[in-house]
Amino acid sequence: MSTDTGPVIVVDDDDAVRQSLKFVLEIEGLQVRAYCDGAQLLAEPNMPTRGCLIVDYNMPGMNGIELVEHLRTRHVDLPAILMTGRISDHIRRKAGKAGFNQVIEKPLQDDSLVETIRTALASKRTALRNIP
C-alpha cells in the first residue's frame, strides 16, 4: 500500500503489543508511528492530516476513548479503531459517540486488523453505525 494514505498511528501502553503491531503493519507495507500513551501522541507537533488511529482502550492517564475525544476537539478527524481486551455494549456505545470506526477485541489473532486498517485508510472517517 502506498504511504500517500498517511501513517497508521498506534497508541498502546504495552510495549510488546505496540512493537508487535508496528512490526506486522510495516511488513504489510504500511507506514507506522507508535506512541506509548495518549499524552505522548497529544504532544506530537506534526499530527498528520491523513492516516488512521489504532488506540488501546485501557491505558494509564487517559483511556483510548478519551484520547480520541481530545483529538476530535483539536480537529484531528482521522479514522479510529479501538482495541480492547473485552468488548461490551457500553464501550461500543462510547466508542461510537467518540467517532471510532471499529472496536476490535484483543488478542488479535487473524488478518481482520489489517483489513480494517486498509478500509479505514481508503475512506473518510465514518463513525460506528447502528449503535443503540
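All values derive from a computational prediction rather than experimental measurement.

Quick word on the pattern of salt bridges
Pairing is possible between side chains that carry opposite charge, provided their charged atoms lie close to one another.
Step number 1: Taken as a whole, this structure holds five salt bridges when the rule is applied.
Step number 2: Ionic pairing is found between Arg-18 and Asp-15, a salt bridge with its closest N-O pair at 2.7 Å. Of this pair, Arg-18 and Asp-15 both sit in helix 1 (residues 15–27), separated by three residues, roughly a single helical turn.
Step number 3: Accessibility expressed as a relative area gives 10% for Arg-18, which makes it buried.
Step number 4: Overall, the relative accessible area of 44% leaves Asp-15 in the partly exposed class.
Step number 5: Among the salt bridges present, the one from Glu-28 reaches Arg-118, with a minimum N-O distance of 3.2 Å. Residue Glu-28 is found in the loop between helix 1 and strand 2 (32–35), and its partner Arg-118 is found in helix 5 (residues 112–122); the two are separated by 90 residues along the sequence.
Step number 6: Since its relative accessible area comes to 33%, Glu-28 is described here as partly exposed.
Step number 7: In this structure, a network of salt bridges that share partners links the residues Asp-12, Asp-56 and Lys-106.

Examining the nonpolar core
Step number 1: Grouped together as the largest cluster of nonpolar side chains are 23 residues, with contacts concentrated most on Leu-41, Leu-53, Ile-65, Leu-67, Leu-82 and Phe-100.
Step number 2: Mapped by element, the contributors of at least two residues to this core are strand 1 (8–11), helix 2 (38–42), strand 3 (52–56), helix 3 (64–73), strand 4 (80–84) and helix 4 (89–98).
Step number 3: Considering each element in turn, this core owes the most residues, four residues, to helix 3.

As for the side chain of Thr-116
Step number 1: On the secondary structure map, Thr-116 appears in helix 5.
Step number 2: The class of Thr-116 is buried, set by a relative accessible area of 18%.
Step number 3: Apart from the residues within four sequence positions on either side, Thr-116 is in contact with Ile-81 and Gln-102.

The rules behind the values
Residues numbered from 1 in each chain as written. Predicted model: local features only at pLDDT ≥ 70, side-chain atom pairs only at ≥ 80, totals over all residues. Heavy atoms only, no water. Salt bridge = Lys/Arg side-chain N within 4 Å of Asp/Glu carboxyl O. Helix = DSSP H or I, 4+ residues; strand = E, 2+ residues; numbered from the N terminus. Buried < 20%, exposed > 50% of the residue type's maximum accessible area, 1.4 Å probe, protein only. Core = buried A, V, L, I, M, F, W, Y, C linked by side-chain atoms within 4.5 Å. Contact = heavy atoms within 4.5 Å.

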